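Fold and contact review
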Amino acid sequence: MEKLRKAVNKIAYTPLSQRFSTLSPVHLSLIPLLSLASYLYGFAISLRHRLYHLNLLSVHRLPVPVISVGNLTWGGNGKTPMVEFVARLLADTGIPPLILTRGYGGADEAKMLQRHLRGTYAKIGVGANRAATAHSFLEQYGYMNLRSTTCSERLLSHEKVKNHSNSGHICAAILDDGMQHLSLWRDLEIIMVNAMMPWGNGQLLPLGPLREPLTALNRADIIVIHHADLVAKHDIEALESTIREVEKVLPVFFTKMAPSHFLKVGNTSSRIPLKLVTNKIVLCVSGIGFPDSFIQRIEKMGPTIVDRLDFSDHHLFQLEDIDMIRARLEELESKFAAKPVVIVTEKDYDRAPDVLENLKPFDILVLCCNLQILAHKGSTEDSFKMIIKQHLRQDDRV
């Protein structure tokens, strides 16, 4: 199954013009079947949108405003870091948020969010039926209308709220990976785009990486171009131009993942400086949506050799995977006469912390990063925060 996923992924991110020069006969043999499945998928999503438009499928509206963070393609677009960024913004403003996440793939995203947001007013609800999860939390903790005097004052304030009353009440919800979750009404739609590989081959799933056609960008209130620091300026401009063709008047922001430190597997309180890997032999192991960005950030830290083992997104590491990783480590150690260091992402760690410990005595480090909004063409972190608050202040619930 892992080999099939990798084959499908390669097809999805190979431009149509390069198919016959890049893909193997095995890859090419899969294309007719994938094309048929892609056509049927496109018909299904078109029908689904039509049913919602005709009110034949119902949309649930929560008593608090909902901010959706989603994307048009599978994995690697920075949704979870953006969810955390928005959650911190709301919590620091004194607006306790409820994050609604489906908990897919070992619930690695939910576990990482819980670890990062521990000690804040944010709550995390995990479940495929996010409307039911939300109602359960709202019933348990209660909620506060954002049109109340207290909440209105908090949204207008630029000060960080350290302690406030009603901290247990939920004032807003954040829908993780919410763009295609049409059964829940959203008041603000944030769409994340991977600058390094925005649309792949431009085809719908499973032939390509698109969950919806590019025209779906017109549902966005904000578009965020992620990993903007890892691509050339002219590529960013071309990507922004493509977005503007769909929706001319739309706030576009640019973000990056800024490495802060490493932590050691088994000790989440540790903070190891990034310079530790300078001049080291490094093996990057990941099961994330777009590992190239992870690799590039490690390469910028100055290791002598960077090797990689990529698994499919949300891959749950098993003991046989550990055997394969260990074999690669021993190969690197023998070849370069130095003990290599294993580096994984936080999602990989949170998905299988105990399994990864089986790689000892090799050092296993976890790369920790923070999402940062880049100043570009008048778009700044402050203007991003202002748009979020403006949308919340416009909430029309009674």
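Predicted, not measured: the structure shown is a model, and the values here were computed from it.

**With respect to the packing of helix H1 (residues 2–12) against helix H3 (residues 25–53)**
At a closest axis distance of 10 Å, the pairing of H1 and H3 adopts a crossing angle of 80°. Here H1 lies roughly perpendicular to H3, going by the angle between them. Residues Leu-4, Ala-7, Val-8, Lys-10 and Ile-11 of H1 pack against His-27, Leu-30, Ile-31 and Leu-34 of H3. In terms of residue class, the contact of H1 with H3 is made up of seven nonpolar, one polar and one charged.

**Quick notes on the layout of surface pockets**
As a volume, the second largest pocket reaches approximately 320 Å³. Around the second largest pocket, the lining is made up of 14 residues, and of these Val-59, Leu-182, Trp-185, Arg-186 and Arg-219 lie nearest the centre. Of all the secondary-structure elements, those providing two or more residues to the lining of the second largest pocket are H3 and strand E5 (188–194). Ranked by residue count, the leading element in the lining of the second largest pocket is H3, at three residues.

**Quick word on the packing of aromatic side chains**
On inspection of all chains with the given rule, the structure shows five aromatic pairs. Centroid distance Tyr-13 to Trp-74: 6.1 Å. Interplanar angle 65°. Geometry classified as edge-to-face. Here the residue Tyr-13 occupies a position in the loop between H1 and helix H2 (19–22), and Trp-74 occupies one in the loop between strand E1 (66–71) and helix H4 (79–93), the gap between them amounting to 61 residues. Ring geometry for Phe-137 and Tyr-141: centres 5.9 Å apart, planes at 25°, overall stacked. Here Tyr-141 and Phe-137 lie together in helix H6 (residues 130–141), a separation of four residues that amounts to about one turn.

**Quick notes on helix H13 (residues 381–393)**
Taking 1.5 Å as the rise per residue, H13 with 13 residues should run 18 Å; its terminal C-alpha atoms sit 19 Å apart, in good agreement. All of the buried residues along H13 are Ser-383, Phe-384, Ile-387, Ile-388, Lys-389 and Leu-392.

**Let's talk about the environment of Asp-310**
With respect to the helices, strands and loops of the structure, Asp-310 is situated in strand E10 (residues 305–310). For the pair Asp-310 and Pro-291, spaced 19 residues apart in sequence, the C-alpha separation works out to 7.0 Å. Leaving out residues up to four positions away in the same chain, Asp-310 has contacts with Glu-2, Lys-6, Ser-286 and Pro-291. Within the local environment of Asp-310, its side chain forms a polar contact with the side chain of Arg-308, the two groups lying 2.8 Å apart.

**Quick look at a nonpolar patch on the surface**
Taken together, the side chains of Leu-36, Tyr-39 and Leu-40 define a hydrophobic patch exposed on the protein surface, amounting to about 360 Å² of accessible area. Of note, Tyr-39 is situated in helix H3.

The rules behind each value
Residues numbered from 1 in each chain as written. Predicted model: local features only at pLDDT ≥ 70, side-chain atom pairs only at ≥ 80, totals over all residues. Heavy atoms only, no water. Axes fitted to C-alpha atoms, helices over the stretch in contact; angles between N-to-C directions. Helix = DSSP H or I, 4+ residues; strand = E, 2+ residues; numbered from the N terminus. Parallel < 35°, antiparallel > 145°, perpendicular 65-115°, else oblique. Contact = heavy atoms within 4.5 Å. Nonpolar A, V, L, I, M, F, W, Y, C, P; charged D, E, K, R; others polar. 1 Å grid on protein atoms, 1.4 Å probe; cavity = no way out; pocket = protein on both sides within 12 Å on 5 of 7 lines; lining within 4 Å. Points joined across faces, edges and corners; volume = space filled by probe spheres on them. Phe/Tyr/Trp six-rings, centres within 6.5 Å; stacked < 30°, edge-to-face > 60°. Expected span 1.5 Å × (residues − 1). Buried < 20%, exposed > 50% of the residue type's maximum accessible area, 1.4 Å probe, protein only. Polar contact = N/O pair within 3.5 Å; in protein donor to acceptor, adjacent residues only side chain to side chain. Patch = residues over 30% accessible without salt bridge, like charges linked within 9 Å, V, L, I, M, F, W, Y side chains within 5 Å. Areas by Shrake-Rupley, 256 points an atom, 1.4 Å probe, with all protein chains shown as cover. Salt bridge = Lys/Arg side-chain N within 4 Å of Asp/Glu carboxyl O.

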